[in-house]
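A look at the structure
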Amino acid sequence: GPSSARVDPADQRARDSDARRILESELKREEDRLAEMKAEYKDGVPDRQGAETRNYQKYLDRVSELRAAITRKEGDIAALKRELAKLPPAPTQ
């Protein structure tokens, strides 16, 4: 019937809180990953690995790939935060 178009406020709250939980856990995962990448990046002077000790270009390539990956990850995190911001605030118990 016509009532099916209306969402029960309790259902909507439950859905919002599910969405929030999913986004928050994804955000946490992305932030952890970003922290690992930044630790490896070491402000642009990561440790050289294996062949990189002999092949400086290979090292430079990894540094720029890391920098790009960090920038992408920061973008993903910003997007998740925007999604979270769109949700109504979590009800305080």
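Residues numbered from 1 in each chain as written. Predicted model: local features only at pLDDT ≥ 70, side-chain atom pairs only at ≥ 80, totals over all residues. Heavy atoms only, no water.

A tally of regular secondary structure across the chain gives 2 helices and 0 strands. Its C-alpha atoms give the chain a radius of gyration of 21 Å, clearly above 12 Å, the size a compact globule of 93 residues would have. Each principal axis of the C-alpha atoms in the chain carries an extent, and together these give about 70 × 30 × 20 Å. Evaluated residue by residue, the chain yields a buried proportion of 23% over its 93 residues. In the chain, once contacts between residues fewer than 6 apart in sequence are set aside, the share between residues at least 24 apart is 64%. Within the structure as shown, the chain displays about 7,000 Å² of accessible surface, and the carbon and sulfur contribution to it stands at 52%. In the chain, which carries 20 positive and 19 negative side-chain charges, the distance between the mean positions of the two groups comes to 2 Å. (Helix = DSSP H or I, 4+ residues; strand = E, 2+ residues; numbered from the N terminus. Rg over C-alpha atoms; globule rule 2.2 N^0.38 Å. Buried < 20%, exposed > 50% of the residue type's maximum accessible area, 1.4 Å probe, protein only. Contact = heavy atoms within 4.5 Å. Areas by Shrake-Rupley, 256 points an atom, 1.4 Å probe, with all protein chains shown as cover. Lys, Arg positive; Asp, Glu negative; His and termini not counted. Charge placed at Lys NZ, Arg CZ, Asp CG, Glu CD.)

Each aromatic ring pair is summarised here by two numbers: the centre-to-centre distance and the angle between the ring planes. Evaluated as defined, the whole model comprises 1 aromatic pair. Taking NZ or CZ as reference, arginine 48 lies 5.2 Å from the ring centre of tyrosine 59, over its face. (Phe/Tyr/Trp six-rings, centres within 6.5 Å; stacked < 30°, edge-to-face > 60°. Lys NZ or Arg CZ within 6 Å of the ring centre and 35° of its normal.)

The backbone phi angle of lysine 42 is positive, close to 50 degrees, even though this residue is not glycine. The topology assignment puts lysine 42 in the loop between helix 1 (9–41) and helix 2 (56–86).

This brings us to the pattern of salt bridges. Counting across every chain of the model gives 11 salt bridges. In this structure, lysine 81 engages glutamate 31 in a salt bridge whose closest nitrogen and oxygen atoms are separated by 3.7 Å. Pair noted here: lysine 81 is in helix 2 and glutamate 31 is in helix 1, with a separation of 50 residues, a long-range link. Glutamate 83 is the partner of lysine 86 in a salt bridge, and the nearest nitrogen-oxygen pair spans 3.0 Å. Within this pair, lysine 86 and its partner glutamate 83 are both found in helix 2, separated by 3 residues, close to a single helical turn. Overall, glutamate 83 belongs to the partly exposed group, its relative accessible area being 37%. When salt bridges that share partners are traced, they join Glu40, Glu52 and Arg62 into one network. (Salt bridge = Lys/Arg side-chain N within 4 Å of Asp/Glu carboxyl O.)

Examined against the element boundaries, serine 25 turns out to sit in helix 1. Residue classification places serine 25 among the partly exposed positions, given a relative accessible area of 40%. Between the alpha carbons of serine 25 and glycine 44 there is a distance of 28 Å; along the sequence they are 19 residues apart.

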